[in-house]
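# Architecture at a glance
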Amino acid sequence: GDHRDLHKEYRRQRQMCIRDSLDRWQKPYLEREFFDLLTQDSSSCQPILFFALQNHEVIGGSLCFKNEDTLYGRHWGSIKKIDSLHFETCYYQGIDYCINNKLKFFDPGVQGEHKIRRGFEPEITSSLHYFLRNDLREAVKIFCNKEKSGILQYKKSCEEYTPIKKEYRIIL
């Protein structure tokens, strides 16, 4: 649903789902204050939440953000391990949302060859990092420069496995 329609129970449920999943694999980085800030007005990028319900209870969900033409994904979490729940909340609901809201693009996030089978083509992306130490900054810079050609080659090889034939693709 749209962030203006959320009430505190859904924010609490959403936080529980993300924290539960993150607790299993890494330290949680989205704290309660983050979710409280989501309901504040943000004209450049609005939060969009997708939920999975079982017996009228939230068991999982994903957090995306949208601007005027793109839905960006996603942080996700669940309190139950259910086959394909991740794909439902992270991809299928996002695709449906884009179609119903006439958004031109859905960026489901980086990494994951499983996205190719679901119709997402690999894209080159970037990220920003700040390093306090010059030696670490230089080491990461050298690594990224060396990795760049491998990433471009990998992207090209992945493009051959996209399920959508380029000559039949519809551009909105």
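Just above sits the structure.
The paragraphs below set out a description of the structure included in this document.

A few words on the pattern of salt bridges. Per the counting criterion, the structure on display carries one salt bridge. Close ionic contact of Arg133 with Asp135 constitutes a salt bridge, the shortest N to O distance being 2.5 Å. For Arg133, a relative accessible area of 53% corresponds to the exposed category.

In this section: the pairing of strand 3 (residues 70–78). Alignment of strand 2 (residues 57–66) against strand 3, held across six bridges, turns out to be antiparallel. Residue pairing in the sheet places Phe65 in a bridge with Tyr72 of strand 3. Connecting the antiparallel pair strand 2 and strand 3 is a turn made up of three residues. As judged from the three bridges shared by strand 3 and strand 4 (residues 105–107), these two strands associate in the parallel manner. Across the sheet, Leu71 pairs through a bridge with Phe106, a residue of strand 4. As a crossover connection, the stretch from strand 3 through helix 3 (residues 85–100) into strand 4 is right-handed.

Procedures and definitions
Residues numbered from 1 in each chain as written. Predicted model: local features only at pLDDT ≥ 70, side-chain atom pairs only at ≥ 80, totals over all residues. Heavy atoms only, no water. Salt bridge = Lys/Arg side-chain N within 4 Å of Asp/Glu carboxyl O. Buried < 20%, exposed > 50% of the residue type's maximum accessible area, 1.4 Å probe, protein only. Pairing = 2+ DSSP bridges. Helix = DSSP H or I, 4+ residues; strand = E, 2+ residues; numbered from the N terminus. Right-handed = clockwise from strand over helix to strand, strands pointing away.

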